[in-house]
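Here is what each chain is made of, one letter per residue.
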Amino acid sequence: MAVVGGGFGGVGAAVMLRRAGYENVTVFERGERIGGVWHHNTYPGAACDVPSHLYEFSFAPNPDWTRRYATQPEIQAYIEAVAGRYGVRDRIRTNTQVLSARWDDARDKWLIKTMRTSTGSEPIAGDHEADVLITACGQLSVPKRPEIKGLETFEGSAFHTAEWRHDVELSGERVAVIGSGCSAIQVVPAIQPIVDRVTVYQRSPAWTIPRLDFAYSPRIQRAFARFPALQRLDRAATFGFFEFGTLALTSQPWLRPAFRAVSRHRITKAISDPDLRRKVTPVDAVGCKRVMPTDAWYPTLTKPNVELITDRITEVTGHGIRTQDGDERPADVIIFATGFQTHGFVTPMEITGEGDRTLAQVWAGAPRAYLGLSTPGFPNLFLLYGPNTGGGAGSVIYMIEAGMRHVISALDAIGQADAQRIEIRRQAADSFDTELRAALTGTVWHSGCTNWYVDENGHNPNQWPWTFTTYRRRTARIDPAVYDIGALPATSGRNSGRSRDGQPAA
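## Some remarks on the packing of aromatic side chains
Counting across every chain of the model gives 25 aromatic pairs. Note on Phe57 and Phe59: the rings are 4.9 Å apart at their centroids and 15 degrees apart in plane angle, and the pair reads as stacked. On the accessibility criterion, Phe57 (0% relative accessible area) is buried. Judged by relative accessible area, Phe59 falls into the buried class, the value being 12%. With 6.1 Å between their ring centres and 75 degrees between their planes, Phe345 and Trp363 make a pair best called edge-to-face. Of the two residues, Phe345 is situated in the loop between strand S17 (333-336) and strand S18 (350-352) and Trp363 in helix H10 (residues 359-363); the sequence distance between them amounts to 18 residues. Looking at Phe345, the relative accessible area reads 8%, which means it is buried. We classify Trp363 as buried; its relative accessible area is 8%. Aromatic ring contacts, followed pair by pair, group Phe8, Trp38, Tyr55, Phe57, Phe59, Trp65, Tyr78 and Tyr86 into a single cluster. Its guanidinium or amino end placed over the ring of Tyr69, Arg211 lies 4.2 Å from that ring's centre, counting from NZ or CZ.

Right under this line is the structure:
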C-alpha cells in the first residue's frame, strides 16, 4: 500500500492503517522532513487558526500544547512525535517525490515512479508497485504566485510565505507584502516591530473573528494530562462552536449577521481612521471568503510604519511597486502572501487510470470525487482530503480521520470478498455530485464574492456543503451498493493481495 504525502494526512493514514492491522504501508514525502504544510511554512508568526485541542488526532491527544492556538514549531514537533509514538516513522521515505502512478489493469496494481533527491548527489529514479494508492497531498501544498509585470527586474529579495527566506534580514528594511489573507494577518504583525516600513497590498478584505489566544499554564497542562476528560470536553465544545459556524456558512444564513456584527465592532474598536475602516470592511457576505481569526491584524494596520494599499498593482520596478494610481512605493523585500493552488489535489503528480486516461483529463478542470475520496475509472485509489472535503470552519484533521475510516472500511470489504480491487460506480459518483452541487448553490461561498474556493467557471471543488458531523456519518463505512468489488476468479492463480498477517500487501 502506498501513501503520497507526509503531512497530517499521510502520517494519519499510516497510523490508522497500522492500528487497523494493515502493516505493509510505504509513505512517500517530497520534503526532507515529515510535516507537510507545517514543515514548509516557517514564516514569522506561523500558527494554526484552529484551536489546538481540535487540531490534533483524536487518537493522539496532546495535553502539552503551550497555547490555545499552537505555533508552527509546536505543530511540526507534534506530527513527528505521533509518527514516532505509533511506529510509522520508518515507513516514511523523505526526499522522495512521486512523479506518476499508472494503473495496471492486468495485474490490479499501481505502478509508481519516484525521484529521490539528497544534498550533494544526483537524483535517483525509482519504480514501485502498490495494491492500493492513497494520496494525501493536501490542498495547501503548491504556492500560488501572481504574474506581475516587471517582477524579474526587482533588485531586492522576493519570496512566498511558504518558501520563507530565513537568510534575508528584514530588520530596518522596507517590506512589501502582497496579499491580506490568512498568511498575511500572521506575518505582518510579526514583522512590523522590526522593519522600517511595511506596505500591504490588498485586493479585497475578509471578515474576521476574535482569536482569543492565550498560553496554557503548566498547571493547566498537568490538569489535561491527569484528567483527559477535561481536554475531551474542551475539544467537544470547540467542535460544537465550529459546527455552529458551519451551519451559518451553509444551510442557516440567518446566523450570519451575528458574526458580521462581531467583526464590524472589532473594526470600529481598533481603527479610528474612517478611510482605513472602509478599506478593511468587506462588502460581501460573512464567510464568502475565509473568515480569519485574529486579534492583531487591525491594531497592526494602525501603526505609523504600516500602510494598506487597495489600488491595483500594475508593475514591479527595480526598487519598488507601482500601482494603478501611478504611485511607486519603495521596497527592499517583496513577500507574496498570495495563498496556494488549491484545485490540483494531486499536483504535480500524474495519475493514470483505466483506459489510459489521467485524473486531470477525467476532471477536465473540475475536480470531483465521491465523498471526496473516489473517482470512477481509478480502482484502488483514494484521495484523502480530496475534492469538496474542506469547510469554512472546523479542523481538516477531523475530515482526514473520517476519510481514512472510509478507506479502511473499503480495504476490509476487499479482504472479506477475497478480491483485488474496489471502484466507485459511475452512477453513484454522478448522483452524489449532483446532490453536492445542488447543496453548494445555497451556501455563502456562492453568494457572489471572489474567493479561492470557486473557479472562474463557477465550479467549487473545495468546500463541503454540510456539517463535519455529516461527513463523518456518511464516510463511517462503505455502502457495498455503490462500489464494484472485484472478486478473484477461482482459477486465476493470483494471490489475494494479503500479506502473511492476513492483511492486504503493498
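The structure having been displayed, the exposition proceeds.
## Re the side chain of Asn451
Within the fold, Asn451 resides in the loop between helix H12 (426-440) and helix H13 (468-475). Of note is the side chain of Asn451, whose polar atom sits 2.8 Å from the backbone oxygen of Cys288. At 2.9 Å, the side chain of Asn451 and the backbone nitrogen of Val454 are in polar contact.

## Observations concerning the nonpolar core
In terms of nonpolar packing, the biggest core is built from 78 residues, with Phe8, Leu17, Ile75, Val82, Ile134 and Met404 touching the most fellow members. Taken together, the elements giving at least two residues each to this core come down to helix H1 (8-19), helix H3 (72-85), helix H6 (228-249), helix H11 (396-416), strand S20 (419-424), H12 and H13. Setting aside chain neighbours within four positions, we find Phe8 in contact with Trp38, Tyr55, Phe57, Ile75, Tyr78, Ile79, Ile397 and Ile400. With 30 residues, the next largest nonpolar core counts Tyr43, Phe159, Val188 and Ala337 among its residues.

## Some details on unusual backbone geometry
Between Thr347 and Pro348 the backbone carries a cis peptide bond, its omega angle lying at 0 degrees. Along the polypeptide, Pro348 turns up in the loop between S17 and S18. Although it is not a glycine, Asn95 adopts a positive phi angle of roughly 55 degrees. On the secondary structure map, Asn95 appears in the loop between strand S3 (92-93) and strand S4 (96-104). In this structure, Asp418 takes a positive phi of about 50 degrees despite not being glycine. Within the element layout of this structure, Asp418 appears in the loop between H11 and S20.

## Comments concerning the sheet that holds strand S14 (residues 313-316)
Pairing is antiparallel across the open sheet formed by three strands, whose spatial order is S14-S15-S16. Edge positions in the sheet fall to S14 and strand S16 (328-330), since each has one partner strand and no second. Between one strand and the next, the sheet's axes are offset by a mean angle of 25 degrees, whatever the strand orientation.

## Considering the state of the cysteines
Within the structure shown, the criterion is met by one disulfide. Note on Cys48: no disulfide assigned, nearest cysteine sulfur contributed by Cys182 at a separation of 10 Å. For Cys48, a relative accessible area of 3% puts it in the buried group. What makes Cys182 partly exposed here is its relative accessible area of 28%.

## Some details on the pairing of strand S10 (residues 197-201)
The side chains of a regular strand alternate between both faces of the sheet. Counting buried residues along S10, four of its five residues qualify, which places the element largely inside the surrounding structure. Bridging between strand S9 (residues 174-178) and S10 involves five bridges; their strand directions are parallel. In the strand pairing of S10, Arg174 is matched with Arg197. Taking the sense of rotation as the criterion, the β-α-β connection linking S9, helix H4 (residues 184-191) and S10 turns out right-handed. Here four bridges tie S10 to strand S13 (residues 306-309), and the two strands are oriented parallel to one another. Bridge pairing links Val198 to Val306 in S13.

## Digging into the packing of H1 against H11
Running from amino to carboxyl end, H1 crosses H11 at an angle of 40 degrees, the nearest separation of the two axes being 10 Å. Comparing their axes, H11 and H1 come out oblique. Relative to H11, H1 is oriented so that their crossing is right-handed. Where H1 approaches H11, its residues Phe8, Gly9, Ala13, Met16 and Leu17 are matched on the opposing element by Ile397, Ile400, Glu401, Met404, Arg405, Ile408 and Leu411.

## Details of a nonpolar patch on the surface
Judged by side-chain polarity, Val37, Leu140 and Trp452 come together as a nonpolar surface patch covering roughly 230 Å² of accessible area. Along the chain, Val37 turns up in helix H2 (residues 37-40).

## Details of H1
Under the 1.5 Å per step criterion, the end-to-end length of H1 is 16 Å for twelve residues, consistent within 8% with the ideal 16 Å. The buried fraction of H1 amounts to ten of the twelve residues, a majority that puts the element mostly inside the structure. Once H1 ends, the next one or two residues include Gly21, with phi positive near 100 degrees.

## Here we look at the sheet that holds S10
The strand order across the open sheet formed by five strands is S8-S17-S9-S10-S13, and the pairing between neighbours is parallel. With one partner strand each, in any of the chains shown, strand S8 (157-160) and S13 form the two edges of the open sheet. For this sheet, the mean angle separating the axes of adjacent strands, direction not counted, is 15 degrees.

## Description of the side chain of Thr238
Relative to the helices and strands, Thr238 resides in helix H6. Thr238 sits in the buried class, given a relative accessible area of 6%. If we ignore the near neighbours within four places in the chain, the residues touching Thr238 are Pro51, Leu54 and Arg68.

## Some words on the pattern of salt bridges
For the coordinates displayed, the defined rule picks out 33 salt bridges. The salt bridge partner of Asp234 is Arg68, with a shortest N-O separation of 2.8 Å. Linking Asp234 in helix H6 with Arg68 in the loop between H2 and H3, this pair joins segments that are 166 residues apart in sequence. Classification of Arg68 as buried rests on a relative accessible area of 16%.

Reading the values: rules and limits
Residues numbered from 1 in each chain as written. Predicted model: local features only at pLDDT ≥ 70, side-chain atom pairs only at ≥ 80, totals over all residues. Heavy atoms only, no water. Phe/Tyr/Trp six-rings, centres within 6.5 Å; stacked < 30°, edge-to-face > 60°. Buried < 20%, exposed > 50% of the residue type's maximum accessible area, 1.4 Å probe, protein only. Helix = DSSP H or I, 4+ residues; strand = E, 2+ residues; numbered from the N terminus. Lys NZ or Arg CZ within 6 Å of the ring centre and 35° of its normal. Polar contact = N/O pair within 3.5 Å; in protein donor to acceptor, adjacent residues only side chain to side chain. Core = buried A, V, L, I, M, F, W, Y, C linked by side-chain atoms within 4.5 Å. Contact = heavy atoms within 4.5 Å. Pairing = 2+ DSSP bridges. Axes fitted to C-alpha atoms, helices over the stretch in contact; angles between N-to-C directions. Disulfide = S-S within 2.5 Å. Right-handed = clockwise from strand over helix to strand, strands pointing away. Parallel < 35°, antiparallel > 145°, perpendicular 65-115°, else oblique. Left-handed = near helix turned anticlockwise from the far one by under 90°. Patch = residues over 30% accessible without salt bridge, like charges linked within 9 Å, V, L, I, M, F, W, Y side chains within 5 Å. Areas by Shrake-Rupley, 256 points an atom, 1.4 Å probe, with all protein chains shown as cover. Salt bridge = Lys/Arg side-chain N within 4 Å of Asp/Glu carboxyl O. Expected span 1.5 Å × (residues − 1).

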